[in-house]
Amino acid sequence: LSISTTSSDSQICPRFRLLVIGKSGVGKSSLIQQAFGINEVHVSEHMPGKATIDKPLISSENGRFVLHDSEGFEAGDSDNFIAAKAFIDRRRKMPTLAVRDQIHAVWLCLSIPLGGGSLLERGVEELLKSRKEILGDIPIIVVFTKLDELVDKLEYNAKKSGQYDEAALEVKKGNTLNELCIQPLNKVAGTDILHTAVSKEEGYESTIGQLIDLTTTNVETFLDPEAALAMMIAQRAHIGLKVKASIAYARPLLFRYWRGIAVGMNFIGFTMLDCFSKIHEDIIGVWNLYDPDCVRYISDFMLQSADMLLRSTWSVKSSKIRLSTI
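Residues numbered from 1 in each chain as written. Predicted model: local features only at pLDDT ≥ 70, side-chain atom pairs only at ≥ 80, totals over all residues. Heavy atoms only, no water.

**Looking at the overall build of the chain**
Here is step 1 of the chain: On a plain count of helices and strands, the chain comes out with 13 helices and 6 strands.
Here is step 2 of the chain: The burial tally for the chain puts 44% of its 326 residues in the buried class.
Here is step 3 of the chain: The long-range fraction of contacts in the chain, counting pairs at least 24 apart against all pairs at least 6 apart in sequence, stands at 70%.
Here is step 4 of the chain: Summing over all exposed atoms, the chain offers an accessible surface of approximately 17500 Å²; the carbon and sulfur share of this is 54%. (Helix = DSSP H or I, 4+ residues; strand = E, 2+ residues; numbered from the N terminus. Buried < 20%, exposed > 50% of the residue type's maximum accessible area, 1.4 Å probe, protein only. Contact = heavy atoms within 4.5 Å. Areas by Shrake-Rupley, 256 points an atom, 1.4 Å probe, with all protein chains shown as cover.)

**What about helix H7 (residues 166–189)?**
Residues spaced three or four apart along an α-helix face the same direction, because each turn holds 3.6 residues.
Here is step 1 of the chain: For H7, which comprises 24 residues, the first-to-last C-alpha distance of 32 Å matches the rise-based estimate of 34 Å (1.5 Å per residue) to within 8%.
Here is step 2 of the chain: The set of residues buried in H7 consists of Leu 169, Thr 176, Leu 177, Cys 181, Ile 182, Leu 185, Val 188 and Ala 189.
Here is step 3 of the chain: Each element contacted by the buried residues of H7 is listed here: helix H4 (122–129), helix H5 (131–135), strand S5 (140–145), helix H6 (147–161) and strand S6 (194–197).
Here is step 4 of the chain: The N-cap residue of H7 is Asp 165: its side-chain oxygen and the backbone nitrogen of Ala 167 are 3.3 Å apart.
Here is step 5 of the chain: Directly after H7, the chain includes Gly 190, whose backbone phi takes a positive value near 90 degrees. (Expected span 1.5 Å × (residues − 1). Polar contact = N/O pair within 3.5 Å; in protein donor to acceptor, adjacent residues only side chain to side chain.)

**Concerning the side chain of Glu 71**
Here is step 1 of the chain: In this fold, Glu 71 is placed in the loop between strand S3 (62–70) and helix H3 (79–92).
Here is step 2 of the chain: Lacking a salt bridge, the buried Glu 71 has Lys 28 as its closest oppositely charged neighbour, with an N-O distance of 7.1 Å.
Here is step 3 of the chain: A polar atom in the side chain of Glu 71 sits 3.4 Å from the side chain of Asn 80. (Lys, Arg positive; Asp, Glu negative; His and termini not counted. Salt bridge = Lys/Arg side-chain N within 4 Å of Asp/Glu carboxyl O.)

**Notes on the pattern of salt bridges**
Here is step 1 of the chain: Across all of its chains, the model carries 7 salt bridges by this definition.
Here is step 2 of the chain: For the salt bridge of Arg 90 with Asp 54, the shortest nitrogen-to-oxygen distance reads 2.6 Å. With Arg 90 in helix H3 and Asp 54 in the loop between helix H2 (28–36) and strand S2 (57–59), this residue pair connects regions lying 36 residues apart in the sequence.
Here is step 3 of the chain: A residue is classified by how much of its surface remains accessible, and Arg 90, at 42% relative accessible area, is partly exposed.
Here is step 4 of the chain: Between Lys 200 and Glu 201 there is a salt bridge, and its shortest N-O distance comes to 2.7 Å.

**Structural notes on the nonpolar core**
Here is step 1 of the chain: Ranked by internal contacts, the top residues of the largest apolar core, which has 38 residues, are Leu 128 and Phe 144.
Here is step 2 of the chain: Mapped by element, the contributors of at least two residues to this core are strand S1 (16–21), H3, strand S4 (105–111), H4, H5, S5, H6 and H7.
Here is step 3 of the chain: Tallying contributions element by element places H7 first for this core, with 7 residues.
Here is step 4 of the chain: Contacts of Phe 144, omitting those with residues within four sequence positions, involve Leu 110, Ile 112, Leu 119, Cys 181, Ile 182, Leu 185, His 195, Thr 196, Ala 197 and Val 198.
Here is step 5 of the chain: Residues Leu 18, Leu 211, Leu 241 and Val 286 belong to the second largest nonpolar core, which totals 35 residues. (Core = buried A, V, L, I, M, F, W, Y, C linked by side-chain atoms within 4.5 Å.)

**What about the packing of aromatic side chains?**
Here is step 1 of the chain: On inspection of all chains with the given rule, the structure shows 3 aromatic pairs.
Here is step 2 of the chain: Ring plane angle 75 degrees and centroid distance 5.2 Å describe the contact between Phe 73 and Phe 81, whose orientation is recorded as edge-to-face. Residue Phe 73 shares its accessibility class with Phe 81, and that shared class is buried.
Here is step 3 of the chain: Cluster of aromatic residues (ring-pair linked, three or more members): Phe 36, Phe 65 and Trp 107.
Here is step 4 of the chain: If you follow Lys 159 out to its NZ or CZ, it ends over the ring of Tyr 164, 5.4 Å from the centre. (Phe/Tyr/Trp six-rings, centres within 6.5 Å; stacked < 30°, edge-to-face > 60°. Lys NZ or Arg CZ within 6 Å of the ring centre and 35° of its normal.)

**Here's the deal with the environment of Leu 211**
Here is step 1 of the chain: Mapped onto the fold, Leu 211 is located in helix H8 (residues 205–222).
Here is step 2 of the chain: The class for Leu 211 is buried, based on a relative accessible area of 0%.
Here is step 3 of the chain: It is 8.8 Å that separates the C-alpha atoms of Leu 211 and Ala 35, two residues lying 176 residues apart in sequence.
Here is step 4 of the chain: For Leu 211, the contacting residues outside a window of four places in its chain are Leu 31, Trp 107, Ile 141, Val 143, Thr 196 and Val 198.

**Describing the confidence of the model for the chain**
Here is step 1 of the chain: With 69% of its residues at a pLDDT of 70 or more, the chain shows a mean pLDDT of 80.
Here is step 2 of the chain: Counted against residues more than four places away or in other chains, residues 44–50, with its pLDDT under 50, gives 20 contacts.
Here is step 3 of the chain: Low pLDDT (under 50) marks residues 314–326, which in the prediction has 1 contact with non-local residues, meaning those over four places away or in another chain. (pLDDT = per-residue confidence, 0-100.)

**Description of the sheet that holds S6**
Here is step 1 of the chain: What the 6 strands build is an open sheet, ordered S2-S3-S1-S4-S5-S6; its pairing is mixed. With partners counted over all chains shown, the strands left at the sheet margins are S2 and S6, one partner each. Each strand of the sheet is rotated relative to its neighbour by a mean of 25 degrees, with strand direction disregarded.
Here is step 2 of the chain: Sheet topology places S2 next to S3; 2 bridges connect them, and they run antiparallel. (Pairing = 2+ DSSP bridges. Axes fitted to C-alpha atoms, helices over the stretch in contact; angles between N-to-C directions.)

The structure is reproduced here in structure tokens:
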């Protein structure tokens, strides 16, 4: 049976390569676990002072993802900042066609300063001010971590004062996040810096999805469409984003894909079940779904994809019918 076009194209950039910057305790490991479905992440949070930015971290749990880890740029320690700049520069100077070897995005992880501390270290400020020169077109997203702790603190204070109101609390959350994080960031980096707040805790899954969507959109816009495809394949936090990406990518190729299956040299003697099994194999393999029991994510993906493909196909047919009657 035919080979998936997405599978063929994804070989241009088979892995999404992410540089994560953040000091120990900011929550890098849990963020990577949530976003890419990896249970064991050995970054500098577990080995303070021993992170090697040049060493790619590839987990057997998700071969579509490569992590490069850099510790934070703490006051009085310029070595990590110098090492990060040199690493990014080396990767940027690789041949343009070697998309697979370049850094595709940077996540700068900063813990929301609830204790009255400073949001930005001097090295981080220098990186943000010089990001155009250092990163070029590589998107950098500032990730404010531990959003749940901010919300918990606000809820506690509201209940303690006897003035708890859900709508007012939402406004307070936005205002506090703006005061503690966004304003200090904009003051240093300007208002065009990408940022979002996340939490790994239950009930905050949408925040990880927003980070993934923001990253993918900007990688596709400013860097490379194949790298954006690699990001959607690598991420395992949001099945809906995978469906959206698969449909967007497959729509122009839909009829060619089915025709390719039908006229393939090995099609004779195969049943329709064989054809659907091949498509099922493509979906699981190409889109990097992890579901050992083959129940939840794969079935959701199949159902959502089928629904969206049918609606997309009907829309195309309807358009042709309308055009033919004019």
